[in-house]
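Descriptive structure summary
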Amino acid sequence: MDKPIILSILTPSIPERWQSLNNLTEQIQNQIGDDWPVEHLVFVDNRKRSIGRKRDGLLRLARGKYVAFVDDDDHVHANYTNEILHAAKENPDVITFQQIADVNGQKGTVEFRLGNPDESFKPGEITKRNAWHVCAWRTSLAIQSSFPNCNYGEDRAFSAPLCGLPGLKEIHIPKALHYYTYDSAVSRAEP
């Protein structure tokens, strides 16, 4: 019989990113080993599906109590899974945290919190954003939303209806657990 899964880490990818996907997979596997209640699902295709369709497919396959997206060119803190599993013990609807973002070589911090405005990225500063897809959402809530069939803006379109649900319980981890990298010169997710 399968052990209950607490966290599903979901990663959409494409063949061109095989090396960065391998690095991320190794990083996550080193944290979870074989006995942790965490699954890492990866969806690789030949770019016939949009990022939104891949994210939605991963969401519908997840078995964890919580789901969080980590893209193939991003990284996670060495205690990422441990921190989320610890916060999950309090049974929140969403687990938020901070993110270090590198956008075209300009770095800054993003603070995900329920009720935050969705600010544009501010290099060298703290950018406030509501709980997005990279946060750990209770799966039973997350599947009430969906990702649109597009390659840009699907993240916000997914999270906006969830953030509007009344009475959500949030646990915030005041640490940078996720490292986001965006380089317009190599991105395959053009608007």
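This text follows the structure it describes.
In this report, the structure presented in the accompanying data block is examined. (Residues numbered from 1 in each chain as written. Predicted model: local features only at pLDDT ≥ 70, side-chain atom pairs only at ≥ 80, totals over all residues. Heavy atoms only, no water.)

Here we look at the overall build of the protein
For clarity, the cut-off: Going along the chain from the N terminus, every DSSP run of H or I of four or more residues is numbered as a helix, and every run of E of two or more is numbered as a strand. Taken over C-alpha atoms, the radius of gyration is set against a globule rule of 2.2 Å times the number of residues to the power 0.38. Accessibility here uses a 1.4 Å probe with only protein chains present; expressed as a share of the type maximum, an area under 20% marks a residue as buried, one over 50% as exposed, and anything in between as partly exposed. By definition, residues are in contact when any of their heavy atoms lie within 4.5 Å. Only the protein chains shown count as cover for residues, and all accessible areas are computed by the Shrake-Rupley method using a 1.4 Å probe.
When helices and strands are counted, the protein shows 5 helices and 9 strands. Counting from the amino terminus, helix and strand elements in the protein follow one another as β-α-β-α-β-β-α-β-β-β-β-α-α-β. Rg of the C-alpha trace for the protein: 15 Å, near the compact-globule value of 16 Å for 191 residues, within the 12% margin. Each principal axis of the C-alpha atoms in the protein carries an extent, and together these give about 45 × 35 × 30 Å. The buried share of the protein, taken over its 191 residues, is 50%. Considering only contacts within the protein whose residues lie at least 6 apart along the sequence, 69% involve residues at least 24 apart. When the accessible surface of the protein is summed, it comes to about 9500 Å², and 49% of that surface belongs to carbon and sulfur atoms.

A few points about a nonpolar patch on the surface
As a reminder of what qualifies: Here a patch means residues that are over 30% exposed by relative accessible area and free of salt bridges, tied together within 9 Å if like-charged and within 5 Å if nonpolar (Val, Leu, Ile, Met, Phe, Trp, Tyr). The rule for a salt bridge is simple: a side-chain nitrogen of Lys or Arg has to be within 4 Å of a carboxyl oxygen of Asp or Glu.
Nonpolar side chains collect at one region of the surface, where Trp 18, Val 42 and Val 44 lie side by side and expose about 270 Å² of accessible area between them. Position of Trp 18 relative to the elements: it lies in helix α1 (residues 18–32). Accessibility expressed as a relative area gives 55% for Trp 18, which makes it exposed.

Thoughts on the side chain of Ser 50
Selection rule: Here a polar contact is recorded for every N or O atom pair within 3.5 Å, except that within protein the pair must consist of a potential hydrogen donor and a potential acceptor, and residues adjacent in sequence are included only if both atoms are side-chain atoms.
Here Ser 50 is to be found in the loop between β2 (38–44) and α2 (51–61). For Ser 50, a relative accessible area of 8% puts it in the buried group. In terms of polar contacts, Ser 50 uses its side chain to reach the backbone amide nitrogen of Arg 53, at 3.1 Å. A polar contact is formed between the side chain of Ser 50 and the side chain of Asn 149, at a distance of 2.6 Å. Aside from chain neighbours lying at most four places away, what touches Ser 50 is Pro 148, Asn 149, Cys 150 and Asn 151.

Some words on the packing of aromatic side chains
Note the threshold: Pairing of aromatic rings covers Phe, Tyr and Trp, the last counted by its six-membered ring, and requires centre-to-centre distances within 6.5 Å; plane angles under 30 degrees mean stacked, over 60 mean edge-to-face, and any other angle means tilted.
Going through the model one piece at a time under the given rule, you end up with 5 aromatic pairs. When the centroid spacing of 6.4 Å and the interplanar angle of 80° are considered together, the rings of Tyr 80 and Phe 97 count as edge-to-face. Highlighted residues: Tyr 80 in helix α3 (residues 80–88) and Phe 97 in strand β5 (residues 94–103), separated in sequence by 17 residues. By relative accessible area, which is 0% here, Tyr 80 ends up buried. Judged by relative accessible area, Phe 97 falls into the buried class, the value being 0%. Judged by centre distance (6.4 Å) and plane angle (45°), the ring pair of Phe 112 and Trp 132 falls under tilted.

Quick look at the pattern of salt bridges
Here the structure, examined in full by the defined rule, presents 14 salt bridges. Note that Arg 47 and Glu 16 form a salt bridge whose closest N and O atoms lie 3.2 Å from each other. With Arg 47 in the loop between β2 and α2 and Glu 16 in the loop between β1 (7–13) and α1, the pair connects residues that are 31 residues apart, well separated along the chain. Taking the shortest distance from any N to any O, the salt bridge between Arg 138 and Asp 93 comes out at 3.4 Å. With Arg 138 in strand β8 (residues 136–138) and Asp 93 in the loop between α3 and β5, the pair connects residues that are 45 residues apart, well separated along the chain. Neither Arg 138 nor Asp 93 differs from the other in exposure class; each is buried. Connected through shared salt-bridge partners, Arg 17, Asp 72 and Asp 73 make up one network.

Some details on the environment of Asp 118
Structurally, the position occupied by Asp 118 is in the loop between β6 (106–112) and β7 (126–129). Looking at Asp 118, its side chain comes within polar contact range of the main-chain nitrogen of Asn 130, at 2.9 Å.

Structural notes on the pairing of β6
It is a general feature of regular strands that their side chains alternate between the two faces of the sheet. Let me state the cut-off plainly: In this analysis, strands are considered paired if DSSP registers two or more bridges between them.
Here β6 lies mainly inside the structure; 5 of its 7 residues are buried. Of the pairings in the sheet, the one linking β5 to β6 comprises 6 bridges and is antiparallel in character. Looking at β6, one finds that Val 103 is bridged to Gln 106.

Some thoughts on α3
Of all 9 residues that make up α3, 7 are buried, and the element is covered over most of its length. Listing the buried residues of α3 in full gives Tyr 80, Thr 81, Glu 83, Ile 84, Leu 85, Ala 87 and Ala 88.

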